[in-house]
Amino acid sequence: MTCLAVEKFAKKLLGEQDIESILQRLDRLTLEESKIAAAQTLDAVHGLVNNMEVVMEGTHRFLDC
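What you see is a predicted model, and the numbers here were worked out from it, not measured in a lab.

Peer 1: Sorry, what's going on with the overall build of the protein here?
Peer 2: Broken down by element type, the protein carries two helices and zero strands. Buried positions account for 2% of the 65 residues belonging to the protein. Surface summary for the protein: the accessible area is close to 6,300 Å², and the carbon and sulfur share equals 65%.

What follows is the structure, given as C-alpha cells:
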C-alpha cells in the first residue's frame, strides 16, 4: 500500500517519462558496474597466476641446484 502511494507521488512529481528514463539509466549503470567488477576479478586472478608461475619457477631452479 505504501509503495503504491510513493509510486503515485513520484509519477506526479517527476512525470512518468522521467521515471522510465531514470530506471533505464539505472539498469545501464548496473550493467556497467557488473562488467567492471568482472574485469577487476579477472585482473586479480591473472596477477595471482603470474605470481604462482614465478614462485614455481623459483622452486624448480632451487630443486635443480
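Peer 1: Help me understand a nonpolar patch on the surface, please; the structure alone is not making it clear to me.
Peer 2: A cluster of nonpolar side chains, contributed by Phe9, Leu13, Leu14 and Ile22, occupies part of the molecular surface with about 430 Å² of accessible area. Looking at where Leu13 falls in the secondary structure, it is placed in helix H1 (residues 2-14). The exposed category is assigned to Leu13, whose relative accessible area is 58%.

The rules we used
- Residues numbered from 1 in each chain as written.
- Predicted model: local features only at pLDDT ≥ 70, side-chain atom pairs only at ≥ 80, totals over all residues.
- Heavy atoms only, no water.
- Helix = DSSP H or I, 4+ residues; strand = E, 2+ residues; numbered from the N terminus.
- Buried < 20%, exposed > 50% of the residue type's maximum accessible area, 1.4 Å probe, protein only.
- Areas by Shrake-Rupley, 256 points an atom, 1.4 Å probe, with all protein chains shown as cover.
- Patch = residues over 30% accessible without salt bridge, like charges linked within 9 Å, V, L, I, M, F, W, Y side chains within 5 Å.
- Salt bridge = Lys/Arg side-chain N within 4 Å of Asp/Glu carboxyl O.

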